[in-house]
Amino acid sequence: MIRFVDGNRITLLQNGTDYFPALEAAIDRAVREIYLETYIFEHDHTGQRITAALKRAARRGITTHLLLDGYGTKDLSREVIEDMRSAGVQVLIYRPVLAKFRRSSYRRLHRKIAVMDNRIAFVGGINIIDDMDTPDQTPPRYDYAVAVEGTLVQAVHATARRLW
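Residues numbered from 1 in each chain as written. Predicted model: local features only at pLDDT ≥ 70, side-chain atom pairs only at ≥ 80, totals over all residues. Heavy atoms only, no water.

1. Quick word on the overall build of the protein
- A count of helical and extended segments in the protein gives 4 helices and 7 strands.
- Along the protein, helices and strands appear, N-terminal first, in the series β-α-β-α-β-α-β-β-β-β-α.
- Counting every position in the protein, which comprises 164 residues, the buried fraction comes to 44%.
- Long-range contacts, defined as pairs at least 24 residues apart, comprise 78% of the intrachain contacts of the protein with a sequence gap of at least 6. (Helix = DSSP H or I, 4+ residues; strand = E, 2+ residues; numbered from the N terminus. Buried < 20%, exposed > 50% of the residue type's maximum accessible area, 1.4 Å probe, protein only. Contact = heavy atoms within 4.5 Å.)

2. Things to note about the packing of aromatic side chains
- Under the definition given, this model contains 2 aromatic pairs.
- Arranged with centres 5.8 Å apart and planes meeting at 75 degrees, the rings of Tyr19 and Phe122 form a pair that is edge-to-face. A residue pair is termed long-range when its members are at least 10 positions apart, and Tyr19 in helix 1 (residues 15–29) and Phe122 in strand 6 (residues 120–124) qualify at 103 residues. Each member of the pair Tyr19 and Phe122 is classed as buried.
- In this structure, Lys74 packs its charged tip against the face of Tyr71, placed 4.1 Å from the ring centre. (Phe/Tyr/Trp six-rings, centres within 6.5 Å; stacked < 30°, edge-to-face > 60°. Lys NZ or Arg CZ within 6 Å of the ring centre and 35° of its normal.)

3. As for the nonpolar core
- In this structure, Leu23, Ile27, Ile50, Leu54, Leu66, Met116 and Phe122 are the most contacted members of the largest nonpolar core, which totals 32 residues.
- Counting residues per element, the ones that place at least two in this core are helix 1, strand 2 (33–38), helix 2 (45–59), strand 3 (63–69), helix 3 (78–86), strand 5 (113–116), strand 6 and strand 7 (144–150).
- With residues up to four places along the chain from it excluded, the contact list for Met116 reads Leu23, Ala26, Ile27, Ala30, Glu33, Ile34 and Phe122.
- Grouped together as the second largest cluster of nonpolar side chains are 8 residues, Val115, Ala121, Val148 and Val153 included. (Core = buried A, V, L, I, M, F, W, Y, C linked by side-chain atoms within 4.5 Å.)

4. Observations concerning the pattern of salt bridges
- Taken as a whole and judged by the stated rule, the model has 7 salt bridges.
- Linking Arg9 and Glu149 is a salt bridge whose minimum nitrogen-to-oxygen distance equals 2.6 Å. Taken together, the residues span a long stretch of sequence, with Arg9 in strand 1 (residues 8–14) and Glu149 in strand 7 at a distance of 140 residues.
- What makes Arg9 exposed here is its relative accessible area of 54%.
- On the basis of relative accessible area, Glu149 is assigned to the partly exposed category, the value being 24%.
- Its salt-bridge partner being Arg56, residue Asp28 comes within 3.0 Å of it at the nearest N-O pair. Of this pair, Asp28 sits in helix 1 while Arg56 sits in helix 2, and the two are 28 residues apart along the sequence.
- By relative accessible area, which is 33% here, Arg56 ends up partly exposed. (Salt bridge = Lys/Arg side-chain N within 4 Å of Asp/Glu carboxyl O.)

As structure tokens, then:
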């Protein structure tokens, strides 16, 4: 059942050009907690920028959760993950890729959401990967996200907490 929720401000973010600066700024403004879920997290310029923001937040004492899909981030090095963990970022891998293929391997974490302090949420199709430097694709890549502020953020926050 679709239900509209009044009292929200929705901002359309086109591509990483709009999304990544807004995401980084929201991470830097967080005062209590951060939840970030993504399918792909590359260690390119964009990934390094978001990694640095998450580490800054964790070092400020912000409870910082990063949930990564095991297949979408299978090439992200253990060193990058351990570096984030050593800075205090709580990193979980959703369904790590196993050597033995099983039907359940098809179940992936394909959501791209972020919530800071139950105050602002980002929802959309943009992974943490540079739009202009995407392997096997002619740049730029086109995608969208929305920044949500208002009562709807509570539902996104509850969803992120539940999966965590």
